[in-house]
Amino acid sequence: MEEFDGEPTVTWIPGLNSQKKQMCFDWGPGEMLVCETSFNKKGKSEMVAGCPFIHIIRKDIDVYSKILRKLFNESHGIFVGLQRIEEELTGKSRKAQLVRVSKNYRSVIRACMEEMHQFAVADKDSASGRQFSSQVSILSAMELIWNLCEILFIEVAPAGPLLLYLLDWVRLHVCEVDTLSADVLGSENPSKHESFWNLVTTLVLQGRLDEARQMLSKEADTNPTSAGMCRVLGDLMRTMPVLSPGNTQTLTELELRWQHWHEECERHLQDGTFASDPRLESLCKVLLGDDAALLEQKELLSNWYHFLVARLLYSQPTVKPMDLHLYAQSSLDLFLGGESSPEPLDNILMAAFEFDIHQVIKECSIALSNWWFVAHLTDLLDHCKLLQSHNLYFGSNMREFLLLEYASGLFAHHSLWQLGVDYCDHCPELGRVSLELHIERIPLTTEQKALKVLRVCEQRQMTEQVRSICKILAMKAVRNNRLGSALSWSIRAKDAAFATLVSDRFLRDYCERGCFSDLDLIDNLGPAMMLSDRLTFLGKYREFHRLYGEKRFVDAASLLLSLMTSQIAPRSFWMTLLTDALPLLEQKQVIFSAEQTYELLRCLEDLTSGRPLCAEPDAQQLQEDDIETTKVEMLRLALARNLARSIIKEGSLEGS
């Protein structure tokens, strides 16, 4: 098994005293319940008051942030679109699409970061404002890492263009110079502004030489003594060889031109052209890529990777990708100077410069607060065919593992679970199993939500989950005395036992109230009534009432008799059926034939002879027995009378 690089972080729970009491906990799919027990560390029970609360510990709290939910929703669409990229797209067209997808992800991160920044500024003095500021820093780091990975792993920029991409990378993420430029140029006399030379130096450090020359021209206009030096330095900046995107010159030609330019800069420095102005001389040393001169501007560089790109720009403009890690490591060491240790972000960037994709993903998994970043970056890199050889020791590949971890956090949220379904769908090995486990744990708080979950299961032929959800909803409906809904869900679940239970409740309600509820449902059961005998009986018994209401007495009588003789009717309901036969027996027209009447008499005798005797009946029992006896006597009388009438009628018909 793989081992941890260090001890896992400790989460302190306010109010709990784990030093004196033992803890009790229970794991859930997205959270854990923790409480204090009455047992001390030695296992002895103490009846001393402790913490009375049960604490809920969530592992993915970011899903509860309204702003980050926008990140999750927007990136979901990009992820699904990426999975649909045509496999036959190869070469430049495929690479261009993957780069576009990467930029779309970055634009979503940036939009979310800018919105978070607005909240942080508006609420900067409160705890929530500090939390927003922290999230802004995390999102900024995420975009920084993603952008570098895009350059190195997706664009796969060669020597020459590589430096142009890195310059854009630094300019995008070290953007304080734009605010500084606005302040300086907005003043009455820019060259006299206290931050004027800081601005010029920063522009040079970022390779924005045209803007730096414009600033030097302002200095030349207001200070005639330094005008000549400003003009010379401006010419050096103007003539610096740079590989532009549309340029056709080769790297060899660029290196030769750059070497001549570098020698010219060095000659001016040796000749003392800028000796009378230390600031211009310092700028000339920066153009020469002098490490000491660059480190003097440490405050303006602000971080080691800015230092790295400035160093490469003025000393190794045609650096090859394979050599990047050497310059990156030396730049980090020089910039920190042994005064501090690298931060987690530094380690991640260094792993990227070393082209160690797996280390980048590992470090990000440890440093970041959720799985969004590593899941989507890994998926994108997998589409670039960069992770094909890396399988985890427990049988899954890295892409699936990270996507499913991210999806598990989404399933813990009341609405984001729908996004998690798509992530599982696009994990061919373990996605189906994971979806089945998570979908069963979604709280079905409303029927609308339950229908959404059910639709997801039905679309994927998840039969067991469909049955489970329908049974849960049927149970809820029964508890709320919504029998129609309960019957509908039990039919959808194809659960014969539960359909029988609900049918019994319908029949019991009919006996108590004398009418059926949810007639539309019962009238339109169709083939579904064959799910269970009791449900069949319910449907047929309702049909008897409909025939009786339509005055189709002969059909109603035949159906009633068949319900009893076929044993489909529960024995406890026979007396109700016989009582329903009374109005038919008393009709002027003979409805039941002699044979049918004999069948009814037999059923009545079977019912009365099989009734158990109570040892000591109470008053209520005696009253119920009297009513029952009266019913039996009325039935016997009606049956005898009908039997006589039917015999006479049938004899008359035979005689004629």
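Residues numbered from 1 in each chain as written. Predicted model: local features only at pLDDT ≥ 70, side-chain atom pairs only at ≥ 80, totals over all residues. Heavy atoms only, no water.

Asks: Where do I start with the overall build of the protein in this structure?
Replies: Looking only at helices and strands, the protein has 30 helices and 3 strands in total. Long-range contacts, defined as pairs at least 24 residues apart, comprise 63% of the intrachain contacts of the protein with a sequence gap of at least 6. (Helix = DSSP H or I, 4+ residues; strand = E, 2+ residues; numbered from the N terminus. Contact = heavy atoms within 4.5 Å.)

Asks: Would you take a moment to explain helix α21 (residues 447-459) for this structure?
Replies: Three or four residues apart is the spacing at which side chains of an α-helix point the same way, because the helix has 3.6 residues per turn. The end-to-end C-alpha distance of α21, which contains 13 residues, comes to 18 Å, matching closely the 18 Å that a straight helix rising 1.5 Å per residue would cover. Taken as a whole, α21 has its buried residues at Lys449, Ala450, Val453, Leu454, Val456 and Cys457. An end-on view of α21 places all buried positions within 155° of arc, on one side of the element. For α21, exposure combined with an orientation more than 90 degrees from the buried face picks out Gln448 and Gln459. Considering only its buried residues, α21 is in contact with α19 (417-425), α20 (431-439), α22 (463-479) and α23 (483-492). (Expected span 1.5 Å × (residues − 1). Buried < 20%, exposed > 50% of the residue type's maximum accessible area, 1.4 Å probe, protein only. Arc of directions from axis to C-beta.)

Asks: What is the right way to read the pattern of salt bridges from this model?
Replies: Close approach of charged atoms allows side chains of opposite charge to pair. Across all of its chains, the model carries 23 salt bridges by this definition. Put simply, arginine 460 and aspartate 425 hold a salt bridge, and the shortest N to O gap is 2.6 Å. Note that arginine 460 is positioned in the loop between α21 and α22 and aspartate 425 in helix α19, a separation of 35 residues in sequence. Judged by relative accessible area, aspartate 425 falls into the partly exposed class, the value being 35%. (Salt bridge = Lys/Arg side-chain N within 4 Å of Asp/Glu carboxyl O.)

Asks: Any chance you could explain the nonpolar core here in plain terms?
Replies: One broad trend across soluble globular proteins is that nonpolar side chains are buried collectively. Trp169, Leu233, Trp304, Phe353, Trp372 and Phe373 are the most contacted members of the largest nonpolar core, which totals 192 residues. The element best represented in this core is helix α3 (residues 127-155), accounting for 13 residues. Those residues in contact with tryptophan 169 that lie beyond four places of it in its chain are Leu144, Asn147, Leu148, Ile151, Tyr305, Val309, Leu349 and Phe353. (Core = buried A, V, L, I, M, F, W, Y, C linked by side-chain atoms within 4.5 Å.)

Asks: Mind showing me how you'd approach the packing of helix α4 (residues 161-173) against helix α13 (residues 304-315) here?
Replies: Running from N to C, α4 and α13 point in directions that differ by 145°, and their axes come no closer than 10 Å. The handedness of the crossing between α4 and α13 comes out as left-handed. Between α4 and α13, the contacting residues are Leu163, Leu166, Leu167, Trp169 and Val170 on the first element and Tyr305, His306, Val309, Leu312 and Leu313 on the second. Taken together, the residues of the contact of α4 with α13 sort by class into 9 nonpolar, 1 polar and no charged. (Axes fitted to C-alpha atoms, helices over the stretch in contact; angles between N-to-C directions. Left-handed = near helix turned anticlockwise from the far one by under 90°. Nonpolar A, V, L, I, M, F, W, Y, C, P; charged D, E, K, R; others polar.)

Asks: Can you walk me through α22 in this structure?
Replies: Here α22 is 17 residues long and its end C-alpha atoms lie 25 Å apart, about the 24 Å a rise of 1.5 Å per residue gives. Within α22, the full set of buried residues consists of Gln465, Val466, Ile469, Cys470, Leu473, Ala474, Ala477 and Val478. Just downstream of α22 lies asparagine 481, where phi reads positive at about 60°.

Asks: Explain the packing of aromatic side chains to me, please; I cannot follow it from the model alone.
Replies: Here the distance between the centres and the angle between the planes together describe a pair of aromatic rings. Summed over all chains, the structure comprises 19 aromatic pairs. For the ring pair phenylalanine 544 and tyrosine 548, a centre distance of 6.4 Å and an interplane angle of 40° mean the geometry is tilted. Taken as a pair, phenylalanine 544 and tyrosine 548 lie in helix α26 (residues 533-549) at a separation of 4 residues, close to a single helical turn. In this structure tyrosine 548 comes out as partly exposed when scored by relative accessible area, which is 28%. (Phe/Tyr/Trp six-rings, centres within 6.5 Å; stacked < 30°, edge-to-face > 60°.)

Asks: Any chance you could explain the side chain of histidine 376 here in plain terms?
Replies: Inspection of the secondary structure assignment puts histidine 376 in helix α17 (residues 372-383). In this structure histidine 376 comes out as buried when scored by relative accessible area, which is 0%.

Asks: Got a minute to help me understand the packing of helix α8 (residues 227-239) against helix α9 (residues 251-270) in this structure?
Replies: Between α8 and α9, whose axes approach to 10 Å, the crossing angle comes to 165°. By the angle class used here, α8 and α9 are roughly antiparallel. Considering how the two elements wind past one another, α8 and α9 form a crossing that is left-handed. Listed contacts from α9 to Val232, Leu236 and Thr239 of α8 are Trp261, Glu264, Cys265 and His268. Looking at the contact of α8 with α9 residue by residue, the classes come out as 4 nonpolar, 2 polar and 1 charged. (Parallel < 35°, antiparallel > 145°, perpendicular 65-115°, else oblique.)

Asks: Sorry if this is basic, but what is going on with the confidence of the model for the protein here?
Replies: Caution applies to low-pLDDT regions: their predicted coordinates should not be interpreted in detail. Confidence along the protein averages 82 in pLDDT terms, with 83% of residues attaining 70 or more. Put simply, strand β3 (residues 55-58) is where the protein has its lowest mean pLDDT, 61, and helix α15 (residues 344-353) is where it has its highest, 95. (pLDDT = per-residue confidence, 0-100.)

Asks: What is the right way to read unusual backbone geometry from this model?
Replies: Excluding glycine, a negative phi dihedral is what most residues carry, and trans is how most peptide bonds are arranged. Notably, serine 302 is not glycine yet its phi reads approximately 70°, a positive angle. Locating serine 302 in the fold gives a position in the loop between α12 (298-301) and α13. For serine 302, a relative accessible area of 43% puts it in the partly exposed group. Positive phi is not limited to glycine here, since lysine 385 has a value of about 65°. Within the secondary structure layout, lysine 385 lies in the loop between α17 and α18 (398-411). Assessed through its relative accessible area of 52%, lysine 385 is described here as exposed.

Asks: Help me understand the side chain of asparagine 370 in this model?
Replies: Among the structural elements, asparagine 370 can be located in the loop between α16 (357-367) and α17. From its side chain, asparagine 370 meets the backbone nitrogen of tryptophan 372 in a polar contact 2.8 Å long. (Polar contact = N/O pair within 3.5 Å; in protein donor to acceptor, adjacent residues only side chain to side chain.)

Asks: Any chance you could explain the environment of leucine 216 here in plain terms?
Replies: Mapping leucine 216 onto the fold places it in helix α7 (residues 209-222). A relative accessible area of 1% means that leucine 216 is categorised as buried. Along the backbone, leucine 216 and glycine 234 are 18 residues apart, and their C-alpha atoms lie at a distance of 7.1 Å. Leucine 216 has contacts with Trp197, Val200, Cys230, Leu233, Gly234, Met237 and Leu280, leaving out every residue within four places of it along the chain.

Asks: Help me understand the environment of leucine 254 in this model?
Replies: Relative to the helices and strands, leucine 254 is located in helix α9. A residue is classified by how much of its surface remains accessible, and leucine 254, at 3% relative accessible area, is buried. In this structure the C-alpha to C-alpha distance between leucine 254 and leucine 243, which are 11 residues apart in sequence, comes to 7.1 Å.

Asks: Is there a simple way to think about the environment of glutamine 465 in this case?
Replies: Positionally, glutamine 465 belongs in helix α22. When the C-alpha positions of glutamine 465 and isoleucine 439 are compared, they lie 7.7 Å apart, and in sequence the two are 26 residues distant. Those residues within four positions of glutamine 465 in sequence are excluded, and the remaining contacts are Glu436, Ile439, Glu440 and Cys457.

Asks: Before we go on, may I ask you to explain the state of the cysteines in this structure?
Replies: Such a bond, covalent and formed between the sulfur atoms of two cysteines, is termed a disulfide. Scanning the model with the defined rule gives 0 disulfides in all. In this structure cysteine 427 is not part of a disulfide, and its nearest cysteine sulfur, from cysteine 424, lies 6.4 Å away. Taking relative accessible area as the criterion, cysteine 427 reaches 2% and is therefore assigned buried. For cysteine 470, which is in no disulfide, the shortest distance to another cysteine sulfur is to cysteine 457 and amounts to 9.0 Å. (Disulfide = S-S within 2.5 Å.)

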